[in-house]
Amino acid sequence: MSLLIREADAGDFEAIWPIFREVVAAGDTYGFDPETDREAAREIWMSLPERTLVAELDGRIVGTYYLKRNMAGPGGHVCNCGYMVLGTSRGLGVATAMCEHSQALAIELGYLAMQFNLVASSNGNAVALWERLGFEIVGRLPRAFNHPARGYVDAYVMYKWLGEDRP
């Protein structure tokens, strides 16, 4: 398996769109409207973030992530990322590699922390992965995520300090 993570270019959206559509349409992990159309998705994933990257497995795009400032001003040292992996490529370490890559990129860009604003508690695989990669649950939002099968479930705010003085 040869995994390459690289900056996305405008032409990569053709491969990102099916991944975005699959993940968002399921409605069970992201807070985006499951009916998000192609142009709105392009804006969300390609235009708004500071950086958008893709993960290629043997030359085929199987995952993508974005990195952006979480908020401006005094909180501007904290970034936010979102990751998506093609269903047929889950379990191959793509999300792990993208999260590790994003942390290194965040440090390179001068960020001191990374925060995930809304991680559905029902997304046990993601919660376990983020914890394994050093993120902590720093907040619990009761019934903040409306899961299509489980109804209203809690959402977590997860955070990791990336600065040099980290423990």
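Details of the structure are given in the entry above.
Predicted model only: the values in this text are computed from it and were never measured.

The rules behind these values
- Residues numbered from 1 in each chain as written.
- Predicted model: local features only at pLDDT ≥ 70, side-chain atom pairs only at ≥ 80, totals over all residues.
- Heavy atoms only, no water.
- Core = buried A, V, L, I, M, F, W, Y, C linked by side-chain atoms within 4.5 Å.
- Buried < 20%, exposed > 50% of the residue type's maximum accessible area, 1.4 Å probe, protein only.
- Helix = DSSP H or I, 4+ residues; strand = E, 2+ residues; numbered from the N terminus.
- Contact = heavy atoms within 4.5 Å.
- Phe/Tyr/Trp six-rings, centres within 6.5 Å; stacked < 30°, edge-to-face > 60°.

It is worth spelling out the nonpolar core at this point. In terms of nonpolar packing, the biggest core is built from 29 residues, with Tyr-83, Met-114, Phe-116 and Trp-130 touching the most fellow members. Listed by contribution, the elements that provide at least two residues to this core are strand E2 (51–57), strand E3 (60–69), strand E4 (78–85), helix H3 (94–108), strand E5 (113–120), helix H4 (124–132) and strand E7 (151–161). Once you skip the residues sitting within four places of it in the chain, Tyr-83 turns out to touch Tyr-30, Trp-45, Thr-64, Tyr-65, Met-98, Cys-99, Ser-102, Met-114, Phe-116 and Trp-130. With 17 residues, the next largest nonpolar core counts Ala-8, Phe-13, Phe-20 and Leu-86 among its residues.

Let us now look at unusual backbone geometry. The phi torsion at Asp-58 lies on the positive side, around 50 degrees, for a residue other than glycine. Tracing the chain through its elements places Asp-58 in the loop between E2 and E3. Under the relative-accessibility criterion, Asp-58 is labelled exposed at 58%.

For the structure shown, the criterion picks out twelve aromatic pairs. Judged by centre distance (6.3 Å) and plane angle (35 degrees), the rings of Phe-13 and Trp-17 are tilted. Of this pair, Phe-13 and Trp-17 are both found in helix H1 (residues 13–26), four residues apart, which corresponds to roughly one turn of the helix. Residue Phe-13 is classed as buried on the basis of its relative accessible area of 0%.

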